Amino acid sequence: MINVDLHTHTSASDGRLTPRALVQLAHDCGITTLAITDHDTTAGLLEARHQAQQLDLRLIAGIELSVSWSQTVIHIVGLNINPESLSLVQGTAELRERRELRAQKIGDSLAKIGFKQAYAGAKMLAGEATITRSHFAQYLVDQGCAKEVSKIFKHYLVRGKPGYVATQWASLEDAVSWIAEAGGIAVIAHPHRYKIGSQMFQNLLNDFRQCGGQAIEVVSGSSTPKDTNKFCRLAQRFNLFVSVGSDYHGPHQNWNGLGQLSSLPDYVEPVWNNFQDTTFTLCH
Ligand code: AMP
Ligand code: MN
Ligand code: MN
Ligand code: MN
């Protein structure tokens, strides 16, 4: 097991725990270096930093950006960013606007198949947070449509299903450059989840490197040891640092959570050894 977790969510996006509660839980689980990486927002970091200082936990300012690349949605984690960097602030504001428009369209589509209050329900659950498909899934679970959110995704929210709305997210180039301009390191999140062939995946790695991307998540809460082995070898081949992150969203999740990630082989270079200064400023 490893005491680092560089991919987690709070109630600032689709995590169930407040930033404060997440930091406390991570500490209780033995994590000493934690990144919070909410979807297209850094809004949870201020509260998290306060709690991290109380517990002497090393908090890394992070984000998870939604990217459209070659007709596929890819998630790019940014680590050790300055949350107040202008291009990141402006870029993520635009992404959140697209999320809001998409949510309205998802609501319209779900209304057509009988879930009249889906938009209002998801919006209520999200509150001030970045609105995501997880909020729709949770609303539909609360309505008794299924026991688990994964079932809702499968039947309503993925491509080809009635509540799926294709969206143009950030380009790979923009997302990586916002992170770089914010002084951070761009990481390809949960690579085992993309449904693209190995040639396409190598094209992605090439494009990512060319844009200035530097790392790949080789251990994720939902990956297997075989995945880790495969992505460590690719990291070596493409000269990328490696990252580890549970993608923790809360106690409801059925994959490995905080403090349950496996260690790395010796031949890869951990991204967290390459963070310079990890203190970040937030003025508001
Ligand atoms: P969005 O970025 O709004 O499209 O929502 C993506 C989020 O939905 C991911 O970050 C996951 O938290 C969640 N998600 C995606 N697919 C599934 C699934 N099959 N089961 C449970 N949660 C999922
Ligand atoms: Mn999520
Ligand atoms: Mn993701
Ligand atoms: Mn995530």
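Residues numbered from 1 in each chain as written. Chains lettered and ligands numbered in written order. Predicted model: local features only at pLDDT ≥ 70, side-chain atom pairs only at ≥ 80, totals over all residues. Heavy atoms only, no water.

### Quick notes on the domain arrangement of the chain
Domain annotation of the chain identifies domain 1 (4-81 + 168-274) and domain 2 (93-157). Each of domain 1 and domain 2 was reduced to a C-alpha centroid, and the two centroids are 24 Å apart. The interface is formed by 14 residues belonging to domain 1 together with 12 residues belonging to domain 2. Summed over both partners, the interface of domain 1 with domain 2 buries about 1,100 Å², with 54% contributed by carbon and sulfur atoms. Its largest share of buried area at the contact with domain 2, domain 1 owes to Asp14, Asp40 and Trp169, together 45% of the area lost on that side. (Domains from an automatic or database assignment. Contact = heavy atoms within 4.5 Å. Buried area = accessible area lost by both parts, 1.4 Å probe.)

### Observations concerning the packing of helix 5 (residues 133-142) against helix 6 (residues 149-157)
Between two packed helices, what matters for the description is the angle formed by their axes and the separation of those axes. Viewed as axis vectors pointing N to C, helix 5 and helix 6 meet at an angle of 110°, and their least axial separation amounts to 9 Å. Classified by the angle their axes make, helix 5 and helix 6 are roughly perpendicular. On helix 6, the residues touching Arg133, Ser134, Phe136, Ala137, Gln138, Leu140 and Val141 of helix 5 are Val149, Ile152, Phe153, Tyr156 and Leu157. Classifying every residue of the contact of helix 5 with helix 6 by side-chain character gives 9 nonpolar, 2 polar and 1 charged. (Axes fitted to C-alpha atoms, helices over the stretch in contact; angles between N-to-C directions. Helix = DSSP H or I, 4+ residues; strand = E, 2+ residues; numbered from the N terminus. Parallel < 35°, antiparallel > 145°, perpendicular 65-115°, else oblique. Nonpolar A, V, L, I, M, F, W, Y, C, P; charged D, E, K, R; others polar.)

### A look at the coordination of the manganese ion (ligand 3)
Reference values for angles at a metal are 109.5 degrees in the four-donor tetrahedral case and 90 or 180 degrees in the six-donor octahedral case. The coordination sphere of the manganese ion (ligand 3) contains the protein donors Glu64 (OE), His75 (ND1) and His190 (NE2), at a distance range of 2.1 to 2.2 Å. Here the manganese ion (ligand 3) and the manganese ion (ligand 2) are spaced 5.5 Å apart. Of this pair, Glu64 sits in strand 3 (residues 58-69) while His190 sits in the loop between strand 5 (185-188) and helix 8 (198-211), placing them 126 residues apart in sequence. (Donors = N, O, S within 2.8 Å, 3.2 Å for Na, K, Ca; no water.)

### Concerning the coordination of the manganese ion (ligand 4)
Only His7 (NE2), His9 (NE2), Glu64 (OE) and Asp247 (OD) from the protein coordinate the manganese ion (ligand 4), and they sit 2.1 to 2.2 Å from it. With a relative accessible area of 0%, His7 lands in the buried category. (Buried < 20%, exposed > 50% of the residue type's maximum accessible area, 1.4 Å probe, protein only.)

### Some thoughts on the sheet that holds strand 3
Pairing is mixed in the open sheet, where 7 strands are placed in the order 1-2-3-4-5-6-7. The sheet is open, and its two edges are formed by strand 1 (4-5) and strand 7 (241-245), each paired on a single side. Summarising the sheet, strand 4 (residues 72-79) and strand 5 pair through 4 bridges and their orientation is antiparallel. Counterpart to Gly78 in the pairing with strand 5 is Ala186. Against the sheet, helix 7 (residues 172-181) engages strand 3, strand 4 and strand 5, with an angle of about 165° to strand 3. (Pairing = 2+ DSSP bridges.)

### Observations regarding the side chain of Ser243
Residue placement: Ser243 occurs in strand 7. Residues in contact with Ser243, not counting those within four places in the same chain, are Leu6, Leu79, Val187, Ile216, Glu217, Val218, Val219, Val271 and Trp272.

### Quick notes on the packing of aromatic side chains
Within a pair of aromatic rings, the relevant descriptors are the distance that separates the centres and the angle that separates the planes. If you walk through the whole model with that rule in mind, you get 2 aromatic pairs. Seen from their ring centres, Phe115 and Tyr156 are 5.5 Å apart, and the 90° between their planes marks the pair as edge-to-face. Of this pair, Phe115 sits in the loop between helix 3 (86-112) and helix 4 (118-126) while Tyr156 sits in helix 6, and the two are 41 residues apart along the sequence. Judged on exposure class, the residue Phe115 and its partner Tyr156 are both buried. Summarising the aromatic geometry, the rings of Phe201 and Phe231 are spaced 5.5 Å apart at their centres and angled 65° between planes, so their arrangement reads as edge-to-face. Of this pair, Phe201 sits in helix 8 while Phe231 is found in helix 9 (residues 225-237), placing the two residues 30 residues apart along the sequence. Comparing Phe201 with Phe231 shows no difference in burial state: the two are buried. (Phe/Tyr/Trp six-rings, centres within 6.5 Å; stacked < 30°, edge-to-face > 60°.)

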